[in-house]
Amino acid sequence: MAKAMVEKIASPGGEEQENHHPYAYHVSGPRNLSSPNWRDIISSSWKDENYRRTVIACFIQAVYLLELDRQENRTPETALAPKWWKPFKYKLSQTLIDERDGSIFGAVLEWDRSAALSDFILIRPSGAPKAVLALRGTLLKGPTIRRDIEDDLRFLAWESLKGSVRFNCALEGLKVAVDRFGSCNVCVAGHSLGAGFALQVGKALAKQGVFVETHLFNPPSVSIAMSLRNIGEKAGFVWKRFKSMLPLSSSENQQTDVDCQSAGVGDGPGKVCAEIMKWVPHLYVNNSDYICCYYTDPENAAGQGSSSAGGKENADPTRVKAAAAKLFVLSKGKQKFFEAHGIEQWWKDDLELQLALNNSKLIDRQLKSLYSLPAPAPPQWKAQ
C-alpha cells in the first residue's frame, strides 16, 4: 500500500528547476489528453471511460503532491499539485488533514466555473462531476509514514479502516459534498490505502441509500482477517454439506423463508436490495501487484468444493448473486512492485484493460454486507 516518491532533485526556490521536477505535470502527466473546451458542451469527453479514469487518477496524484508541497514548504508559485487539476477546470475546495500528524491525505476538488468561462466553456460538460473527493495512499516520506503505516497495519489486521481518524474525516467530507451538490454530482476516488478508505466511506453511504460514483485504484486485498475468514468458510462449507444430508425440520424450513426475505429474494426487503445494487464501484487492479491482485480471484475459487448430489449448494435460494462492481484488470506480464502499484500507470496512453463483471470472490465479500438485510421484526400487537 505504498507509493515510492523520489527525493526533490532541485534546490528550493528556483522556478526553472521546479519545471523539471519528475512530478511536474508536463513531465510525468498524461500525454495526448486535451483540456476541456467549448466543444465539450456538444460532445463531453467525460463520457469516455478512459478520459474519466485518467482525470480522476490525476486528481489522486495531486493529493500526493499536496502533501509533498507541504513537507517541502513550497510556495503557491512553485507548488506542483495545482498543475494536476487546473488543466481540467477544477479548483481546490478543501484539504483533509490527519489530526495526528497534520498531513494531507485527501482533498475535495470542485468544478471551477470561472476558469471554465475564461475558455468559453459556458456550462459544465455532461458527466463531469461537480466535486471529487480524492484520497492518497501510503507516502514513503518521514513526516507522514508512521501514520500511513499505522492505517496499513489496521487494514492488514482487521480488513477495516473504520477505527482510523481518516475514515471519519473522509466520510464527513463526502457527506458535506453530497449535501451541497447531490449524490449524482459527486465522485470519490482513492489509490492503494486511499482506495481502502474510498471503498468503505462509499459503502457507508450506500447503506444509507446514498449512492456515490466510486473509483478504486490498486485497492488493498490482503489481510490476516481475510485469511482467517477463508479458513472459517472452508469449515462452514464442510458443515453445510453435512447438514444437506440430514432432513430439514419444520422450524428450519420456516427459517429458510425468513432468510430468503432478508437476503433480498422475493418481495419486500428485496426491493431495498435492488435499490442498493445501484451502487457500482469501479476497481482498477494490476495482476502483478500483490497488494490488489486477489481481487481477480474468481468467485468460485479457493474454498469452494464440488456440488453435492442434486446441486444443493449451487441451488441455494438464500444466496444473493455476486455484488455489483466493475473490475478493470491490467495485465502486462511481470513488473516491478512500484511500477505495478503506482498511480501513474492509470493515465498511460497504451493502457489495455480487461473488464470483468461480478466474478470476483473478494468483491463479493467486501460488498455482501450491503445485501444482507436484517430479518423483519415481528409485528407488535396492541393490548386489547
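Provided above is the structure to which this section pertains.
Here goes a summary of the coordinates provided. For clarity, every value in this text was computed on a predicted model and none was experimentally measured. (Residues numbered from 1 in each chain as written. Predicted model: local features only at pLDDT ≥ 70, side-chain atom pairs only at ≥ 80, totals over all residues. Heavy atoms only, no water.)

By size, the foremost hydrophobic cluster in this structure holds 43 residues, and its most contacted members are F59 and Y90. Among the secondary structure elements, those contributing two or more residues to this core are α3 (49-71), β3 (104-111), β4 (131-135), β6 (186-191) and β9 (326-330). Looking at which element gives the most residues to this core, the answer is α3, with 13 residues. Setting aside residues no more than four positions away along its own chain, F59 makes contact with W46, W84, W85, F88, Y90, L109, V132 and A134. (Core = buried A, V, L, I, M, F, W, Y, C linked by side-chain atoms within 4.5 Å. Buried < 20%, exposed > 50% of the residue type's maximum accessible area, 1.4 Å probe, protein only. Helix = DSSP H or I, 4+ residues; strand = E, 2+ residues; numbered from the N terminus. Contact = heavy atoms within 4.5 Å.)

Turning to the pairing of β4, a few remarks are in order. For β4, the buried fraction is high: five of the five residues fall into the buried class. Of the strand pairs in this sheet, β4 and β6 are connected by five bridges, and their pairing is parallel. Bridge pairing in β6 links A134 to A189. (Pairing = 2+ DSSP bridges.)

Below, the discussion takes up a nonpolar patch on the surface. Together, W38, I41, I42, L117, F120, L122 and I123 make up an exposed nonpolar region whose accessible area comes to about 770 Å². Within the secondary structure layout, L117 lies in helix α4 (residues 113-118). Judged by relative accessible area, L117 falls into the partly exposed class, the value being 34%. (Patch = residues over 30% accessible without salt bridge, like charges linked within 9 Å, V, L, I, M, F, W, Y side chains within 5 Å. Areas by Shrake-Rupley, 256 points an atom, 1.4 Å probe, with all protein chains shown as cover. Salt bridge = Lys/Arg side-chain N within 4 Å of Asp/Glu carboxyl O.)

Quick look at the packing of helix α5 (residues 142-158) against helix α7 (residues 193-207) now. Two elements in contact, α5 and α7, have axes whose closest approach is 10 Å; the angle formed by their N-to-C orientations is 55 degrees. Comparing the axis directions of α5 and α7 gives the class oblique. Every pair of crossing elements has a handedness; the one defined by α5 and α7 is left-handed. Of the residues in α7, those in contact with D148, D151, D152 and F155 of α5 are L193, F197 and Q200. The class makeup of the residues in the contact of α5 with α7 is three nonpolar, one polar and three charged. (Axes fitted to C-alpha atoms, helices over the stretch in contact; angles between N-to-C directions. Parallel < 35°, antiparallel > 145°, perpendicular 65-115°, else oblique. Left-handed = near helix turned anticlockwise from the far one by under 90°. Nonpolar A, V, L, I, M, F, W, Y, C, P; charged D, E, K, R; others polar.)

Turning next to the pattern of salt bridges. Across all of its chains, the model carries 18 salt bridges by this definition. In this structure, R100 and D98 form a salt bridge, with 2.7 Å as the shortest nitrogen-oxygen distance. Residue classification places R100 among the partly exposed positions, given a relative accessible area of 22%. Taken together, the shared-partner salt bridges in this structure form one network comprising D98, R100, R136, R147, D148, E150, D151, R154 and R166.

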